[in-house]
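# Coordinate inspection notes
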Amino acid sequence: MRLIEKVFNPTGKKHAGTLIFFHGSGDTGNGLTEWIRFLLGRDLEFPHIKVIIPTAPVQPYSPMGGENSNVWFNRKRIEMDCPEIRTSLAAIYDTVNEMLVREMATGTPLDRIVVGGFSMGGALAMHTGFHLNRDLAGVFAISSFLNTGSIVYDSLGCVSPDEHLPELLMMHGERDDLVPIEWGQTAFDELAKLGVRGQFVPHRSALHEIKKDQLLRVIDWVQKLIPEPKDEASPPPPTKADSAKSPKKGKL
């Protein structure tokens, strides 16, 4: 399935990395783009990194009584202890995998791709980077959580100690009353036990929202993970990921 996407090409001459930013449930790529523009006073752009902000497919969403909404996957309830609907997750895995394959086809290696998101979008980013394809550069999640017994934990439990895992940045509002910060902290702690390295950053004043300083932190972090090539006449330095290699597919 090809999603509607807002695409911001690099402002410089070279495309040397990609950032995919997933919105929260009920939003759209346009909505997230406008939110970012309001917070930053500009679009989310980089000299050398393409930014893709896709819109989730419209599908029935159980927490809304089965009404249609732009959501990445369905869930029974917004509760950490509620089991995942893995058939719904599998459908969006195929779509995200197609996005990664398209970026690889442009010559962007997997370890110069970062995925992230807000709320449900952050959960999808964690599924993408720690279950669907662990060769990515990094994963960020704002006000997000993983369900107890998530397939992500099952997947990471099967990796060898020396396997590459994407770096993780999680941020969460201490006043979030939709997704309590304890849910985000639990996900971070469980991922850390399974070998994921990163940081969990609480935000004292944030509700279930994105704050400007969180976006600025993401921008700095992404540029460290995907630095601008020093020699613009040369391709990016050799990377561990093989750009010709197909992404590892997540399984149920």
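Rules behind the numbers
- Residues numbered from 1 in each chain as written.
- Predicted model: local features only at pLDDT ≥ 70, side-chain atom pairs only at ≥ 80, totals over all residues.
- Heavy atoms only, no water.
- Helix = DSSP H or I, 4+ residues; strand = E, 2+ residues; numbered from the N terminus.
- Rg over C-alpha atoms; globule rule 2.2 N^0.38 Å.
- Buried < 20%, exposed > 50% of the residue type's maximum accessible area, 1.4 Å probe, protein only.
- Contact = heavy atoms within 4.5 Å.
- Areas by Shrake-Rupley, 256 points an atom, 1.4 Å probe, with all protein chains shown as cover.
- 1 Å grid on protein atoms, 1.4 Å probe; cavity = no way out; pocket = protein on both sides within 12 Å on 5 of 7 lines; lining within 4 Å.
- Points joined across faces, edges and corners; volume = space filled by probe spheres on them.
- Nonpolar A, V, L, I, M, F, W, Y, C, P; charged D, E, K, R; others polar.
- Pairing = 2+ DSSP bridges.
- Right-handed = clockwise from strand over helix to strand, strands pointing away.
- UniProt positions renumbered as here; feature names shortened; annotations may be inferred.
- Salt bridge = Lys/Arg side-chain N within 4 Å of Asp/Glu carboxyl O.
- Axes fitted to C-alpha atoms, helices over the stretch in contact; angles between N-to-C directions.
- Core = buried A, V, L, I, M, F, W, Y, C linked by side-chain atoms within 4.5 Å.

With that out of the way, let us pick up the overall build of the protein chain. Along its length, the protein chain carries six helices and nine strands. In terms of overall size, the protein chain behaves like a compact globule, its C-alpha atoms giving a radius of gyration of 17 Å where 252 residues would be expected to give roughly 18 Å. A burial count over the protein chain gives 54% of its 252 residues as buried. The contacts of the protein chain with a sequence gap of at least 6 include a subset with a gap of at least 24, amounting to 76%. Split by element, the accessible area of the protein chain, about 11200 Å² in all, is 51% carbon and sulfur.

It is worth spelling out the layout of surface pockets at this point. Roughly 180 Å³ of internal volume is contained in the largest pocket. The residue makeup of the lining of the largest pocket, split by class, is seven nonpolar, two polar and two charged.

With that settled, the discussion passes to empty space enclosed by the protein. Scanning all chains against the criterion turns up three cavities of 30 Å³ or more. Considering only enclosed or pocket space, the largest cavity measures out at about 80 Å³ in volume. Along its surface, the largest cavity is lined by Phe73, Asn74, Arg75, Glu84, Ile85, Leu89, Ala123, His127, Phe145, Leu146 and Asn147. In terms of residue class, the lining of the largest cavity is built from six nonpolar, three polar and two charged.

This next bit is on the pairing of strand β9 (residues 198-203). Relative to β9, strand β8 (residues 167-173) is paired through six bridges, and the arrangement is parallel. Paired with Gly173 across the bridge in β9 is His203. With helix α5 (residues 181-193) bridging β8 and its parallel neighbour β9, the resulting β-α-β unit is right-handed.

Under the UniProt annotation, "domain: Phospholipase/carboxylesterase/thioesterase" (unreviewed entry) lies at residues 11-225. Along residues 11-225 the backbone is 36% helical and 20% strand, and the end-to-end C-alpha distance reaches 18 Å.

Let us look at the pattern of salt bridges. Within this structure, the stated rule accounts for 10 salt bridges. Salt-bridge contacts for Glu103 lead to Lys50; the nearest nitrogen and oxygen are separated by 3.1 Å. One end of the pair, Glu103, is in helix α2 (residues 86-105); the other, Lys50, is in strand β3 (residues 50-54), and 53 residues separate them in sequence. The salt bridge involving Lys193 is made with Glu190; its shortest N-O contact spans 3.3 Å.

In spatial order, the strands read β1-β3-β2-β6-β7-β8-β9; together these seven strands make up an open sheet with mixed pairing. For this open sheet the edge positions go to β1 (5-8) and β9, each flanked by a neighbour on one side alone. If you compare each strand with its neighbour and ignore which way they point, the axes differ by 15° on average. Pairing geometry for β1 and β3, over four bridges, is antiparallel. Considered in β3, the bridge of Glu5 is made with Pro54.

On to the nonpolar core. In a soluble, globular protein the nonpolar side chains are often hidden away together inside. Counting 43 residues, the largest nonpolar core has Trp72, Phe130 and Leu191 as the members making the most contacts within it. Mapped by element, the contributors of at least two residues to this core are β2 (18-22), α2, β6 (113-118), α3 (120-132), β7 (138-142), α4 (151-156), β8 and α5. Setting aside residues up to four positions removed in sequence, Phe130 forms contacts with Val139, Val152, Ser155, Leu156, Pro166, Leu168, Leu191 and Val196. With 28 residues, the next largest nonpolar core counts Leu19, Phe140, Ile210 and Leu215 among its residues.

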